[in-house]
Every structure is written in C-alpha cells, then in structure tokens.
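These are the residues of each chain, in order.
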Amino acid sequence: KVIDFDALVDARTGRVASSIYTDPELYDLELDRIFGRCWLFLAHVSQIPKAGHFFNTYMGEDPIIVVRQKDGSIKAFLNQCRHRSMRVSHADCGNTRAFTCPYHGWSYGTDGSLVDVPLEQRAYPHGLCNEKLGLQEVTRVAEYKGLIFGNWDPAAPSLEEYMGDIAWYLDGVLDRRPGGTEIVGGVQKWVIDCNWKLPAEQFASDQYHALFSHASAVQVLGAKADDADKALGAGQTARPVWETAKDALQYGQAGHGSGFFFTEKPDANVWVDGMVSQYYRDTYPEAAERLGKVRALRLAGHNNMFPTMSWLNGTATLRVWHPRGPNQVEVWAFCIADKDAPEDVKQAFERSATRAFGPAGFLEQDDSENWVEIQKVLRGKRARQTKLIVEMGIGNEKLREDGIPGVTNYIFSETAARAMYRRWADLLACDTWAQVLERSKAYEEEVLKHG
Ligand code: FES
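Every value quoted in this text rests on a predicted model; they were computed, and no experiment measured them. Residue positions are counted from 1 within each chain, in the order its sequence is given. With pLDDT at 70 or above as the cut-off, local features in this predicted model cover only qualifying residues; side-chain atom pairs require 80 or more to be listed or tallied, and sums for whole chains, interfaces and linings still use all residues. Neither water nor hydrogens contribute to the side-chain values; these are computed over all heavy atoms in the structure.

### Some details on the packing of aromatic side chains
- Here is the rule: rings of Phe, Tyr and Trp (six-membered ring for Trp) pair when centre to centre is within 6.5 Å. Planes less than 30 degrees apart are stacked, more than 60 are edge-to-face, and the remainder are tilted. In total, this model carries 21 aromatic pairs according to the counting rule given.
- Ring plane angle 75° and centroid distance 6.4 Å describe the contact between tryptophan 106 and tyrosine 124, whose orientation is recorded as edge-to-face. Taken together, the residues tryptophan 106 in the loop between β8 (98-100) and β9 (107-109) and tyrosine 124 in the loop between α3 (120-123) and β11 (140-144) connect sequence positions 18 residues apart.
- Think of it in three bands: with a 1.4 Å probe and only protein chains considered, a residue is buried below 20% of the maximum accessible area for its type, exposed above 50%, and partly exposed in between. Tyrosine 124 gets classed as partly exposed once you look at its relative accessible area, which sits at 26%.
- Of note, lysine 189 hangs over the ring of tryptophan 332, and the distance from its end group to the ring centre comes to 3.9 Å.
- Over the face of the ring belonging to tyrosine 58 we find arginine 324, whose NZ or CZ atom lies 4.2 Å from the ring centre. Helix and strand definitions follow DSSP, with helices as H or I runs of at least four residues and strands as E runs of at least two, each counted in order from the N terminus. Geometrically, a charge over a ring is one whose NZ (Lys) or CZ (Arg) sits within 6 Å of the ring centre while staying within 35 degrees of the ring normal.

What follows is the structure, given as structure tokens:
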C-alpha cells in the first residue's frame, strides 16, 4: 500500500489527518523511521557518574541500558539477552560489574560482551561464538552539555547538526551556571492513554491552550497584581504574562519547537516555589552574563526537541514521551536543576516540578485530560476521517534581526506544530537523511517567503 504522506500532513494549508494519531501501520513505520533514525534522549551524565553506573531507558519501545565504561566513556545497549530475549537488567539504575540474565544466567560485561555462559562446555560441546553474542550496541551515543543521546542510524546527521537552533533554546536550561545541570531525585513515570505526538506537539508549539485549559490554575496561582494592574483597575487579579510581556515568539524548525515571552522579571514563572523564585533573582546577573538577558529571563514557555524530549525552563521539568503503541504514551519526567544550586533549592525545584507537572500535578491534569479525550474521540470512524486545523499564524513566519535564531513567529501560532508534522512526514516518506534535509530546507524557504 502506498501512503500519501503529503495528504496526511499539508503544512502549507495547515491541515493534518487525524489518522496519524491512531493508525497502527503508521505507528510501526514511526518505530522504524523516526525512533530508529533520530537522536533520542537517554539519560543525564549525573545519573551515571562512575564506571559501572547504569540507567535503564527506552528508544521507542526498545529497552536500552546506558552504562559508564571503565575509561569514562558512555555506551548504550539493547537490554535484550542474546539467548532468548529476556531483559538482562531489571533495576531502574544502579552500579554493577555485569548484567546477568535472570532466565538461564548468561552474563554480560558493562562493555556489552558475553562473559559467562552457565555449563558452557557441556551445553555447547561444539562451542558458542561468544565474541559475536554480546549485547547489541546502540550505533551512536553523543552528549550535549550533560544530556546523553542515542541514535541507531549510522547515516544520521551529527547530534549538533540534528539539533540545529533548538540548542540555543535548550542552553537556557543547561547553561545558566558554570557547573551545568544535574537530575534531582528519581524519575517519575506514568502512562497516558494518548498518542505520543499529542504531548510532543503541545510542548513544541501550543501556548494557546494555556489561556483556556489552565485558566483556573492561572486564577488561583497567578502572580500578585502589580501597580500596572491596579492602575488599570484589574483588582486583585494579575494580568497574565501574555498581556504584560513586551514581546513573545515561537520557534519552529526541523521538527523542533520552542516558545517564550519576553519578560522583565528574573522570576517570572507563577508555578514555582518561593525559594526557586528567589534563586532565579539571585542568579540572574550570572545567567545574563552567560546567556544574554533574553534567555536569562526566559523562564516561562514551551519546548520540544523532535521527536520526544520536552522541557519547561522555570519549572525544571524535562520529560520523554516513550511511545507505547498508537494509543498510549509512557511519560518519564525528570527534575533538572543547576548543579551549583544549594541543596535546599534543588529540593525546592523538585517540589515545584512535581506540584505543577508530576503525575498528579495541577497543570499536568489539565493537559492530559485533553489528550486522553482527543484519543477517545478518534476511536470514532467518522472522527478519524476529519482533518485537524494547524494553520494558526500561517504566512507570518520570519527570521528575526535581534540574534534569536531560527524560523520564528508570534508565540500564539502553530509554526512549530507545522514544522514538527512536516519533519514527521518527511522522515516516514524518505529513505535517506539527505532527502529529509532537502525537503526541510525547501519547506523553510517557502515558509519564509511571506514573513
Ligand atoms: Fe537469557 Fe536464556 S534468555 S540466558
């Protein structure tokens, strides 16, 4: 069957077929052509500080062990015994000298090699090709400022090339202070009954929902009214950031997306603990020196690095949307904070991230209810034939002249959603990365013609 990907995603008019969230055939293709070819977040270096430290995660649906080697380098392996496919490492993380399969006891070194087979001489009198039966190694592993990524595709662009301008936006979290970042606490994991693209796209592109979906949280937890609000007679209610910010933008390119408001306050994020706010005020001058004023003040907004790594700057949540079939996603939420921050501030970061975006977080609940209900609606035969509208801000994309990189638009737009679905379709349609990159370039040139 020939799939018309341009019909599924028409970014020029801003129409997307509903079936991209439900079709099992497309999902299978995604595992191969997206999760098998893109750079995927695996772990943070702080989670595997010494030789033998390991962290278990996933690339798509494939279980992966990330492990620090004796020489300090990092490797990643498929967590699958070569004998009969049993998972060889069950702990979430830890330190070990070997991974021993619980089924029949084959044992693998932290370098992935098969080091012991019970009763080997008697059970395999003709010998077993041990050297060929190590754990399958993830083809490429690379680090960006403390974040470790893996990629199965030897022909994929380098991690830096793949990231492009999203690195500039990500630095707003990773590079505020000289010590970089670390993961605070464990990983919160939960399952949502929706396709992985719904949350990924929201974090890439959808600031629009915050006005309505999070209206009650904004009312309850909104910043105190400032003098400007009082002068306008706004009473006790502060005006939301989208009314007070002097500018705002959405970036969307190569599948990635980001957006933020230009504020003047170093602690302009109403969701965080008071201790975190104070920390942002105290560290603002240092961050501004490293990142410039715009990024140092950039604490509210949204981000996704294609396909599935999302983060929110001020709220310190970093998450991965692990796909679990077309109708389900497993969320892994990490709290990421400056390594140089005092311990009590790190705890405050974790409280803030959990309170707002943990599995029972007051903002997480607003979001996941939307995604679950959409997925339920799309069980309907007729609903599945409907095209979704992603045309907000079409024709207003531009390159900025103030040094902020990439294709941008006003924050309330769907520029990043269109870029994400375009990259999604191009990856599914194209056999080579050269073709994918060529298509992206052509799309971006066309988009910028009108801006
Ligand atoms: Fe691992 Fe048999 S499945 S030793």
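Next comes the rest of the write-up.
### Overview of the packing of helix α13 (residues 343-357) against helix α14 (residues 362-377)
- All axes are obtained by fitting lines to C-alpha atoms, using only the stretch in contact for helices, and the reported angles, taken between N-to-C directions, cover 0 to 180 degrees. Where α13 meets α14, the axes come as close as 3 Å, and the angle between the chain directions of the two elements is 35°. Facing Arg355, Ala356 and Phe357 of α13, the residues of α14 in contact are Phe362, Leu363, Glu364 and Asp367.
- Across the contact of α13 with α14, the residue classes tally to four nonpolar, no polar and three charged. Contact definition: two residues touch when any of their heavy atoms are within 4.5 Å. Side-chain classes are defined by residue name, with Ala, Val, Leu, Ile, Met, Phe, Trp, Tyr, Cys and Pro counting as nonpolar, Asp, Glu, Lys and Arg as charged, and the others, Gly among them, as polar.

### Let's talk about the pairing of strand β16 (residues 301-305)
- For β16, the buried fraction is high: four of the five residues fall into the buried class.
- The pairing criterion for strands is at least two bridges between them, as found by DSSP. Strand direction decides the pairing type here: strand β15 (residues 256-262) and β16, joined by four bridges, are antiparallel. Looking at β16, one finds that phenylalanine 260 is bridged to glycine 301.
- Examined bridge by bridge, β16 and strand β17 (residues 309-312) share two bridges and lie antiparallel to one another. Counted as the bridge partner of asparagine 304 is serine 310 from β17.
- Between β16 and the antiparallel strand that follows it, β17, lie three residues.

### Brief notes about the packing of helix α6 (residues 197-205) against helix α15 (residues 415-429)
- In contact at an axis separation of 7 Å, α6 and α15 are set at 135° when each is read in the N-to-C sense. Of the possible angle classes, the one that applies to α6 and α15 is oblique. As α6 runs across α15, the sense of the crossing is right-handed. The segment α6 lies against α15, with Lys197, Ala200, Glu201, Ala204 and Ser205 engaging Thr415, Ala416, Ala417, Met420, Tyr421 and Trp424.
- Grouping the constituent residues of the contact of α6 with α15 by class yields seven nonpolar, two polar and two charged. Every angle not falling under 35 degrees, over 145, or within 65 to 115 is termed oblique; those three ranges are roughly parallel, roughly antiparallel and roughly perpendicular. Here is the rule for handedness: rotate from the far helix to the near one, and if that takes an anticlockwise turn smaller than a right angle the crossing is left-handed, while a clockwise turn gives right-handed.

### Points about the sheet that holds strand β20 (residues 387-389)
- Taken together, three strands build an open sheet; the order of strands is β1-β2-β20 and the sheet is antiparallel. Looking at which strands have only one partner, the edges of the open sheet turn out to be β1 (9-10) and β20.
- For β1 and strand β2 (residues 15-17), the ladder comprises two bridges, and the chain directions are antiparallel. Looking at β2, one finds that valine 9 is bridged to valine 16.

### Some details on the sheet that holds β11
- A sheet is described by the order of its strands in space; here three strands give the open sequence β3-β12-β11, paired in antiparallel fashion. Looking at the sheet topology across the chains shown, the edges are occupied by β3 (40-44) and β11. Going from strand to strand, the sheet's axes swing by 30° on average, the running direction of each strand aside.
- Across four bridges, the pairing between β3 and strand β12 (residues 147-151) is antiparallel. If you follow leucine 40 over to β12, its bridge partner there is glycine 150.
- Against the sheet, helix α5 (residues 166-174) makes contact with β11 and β12, and its axis sits at roughly 60° relative to β11, the strand it touches most.

### Looking at α5
- By the criterion of burial, α5 is predominantly enclosed, with eight of the nine residues buried.
- Ile166, Ala167, Tyr169, Leu170, Asp171, Gly172, Val173 and Leu174 are the residues of α5 that are buried.

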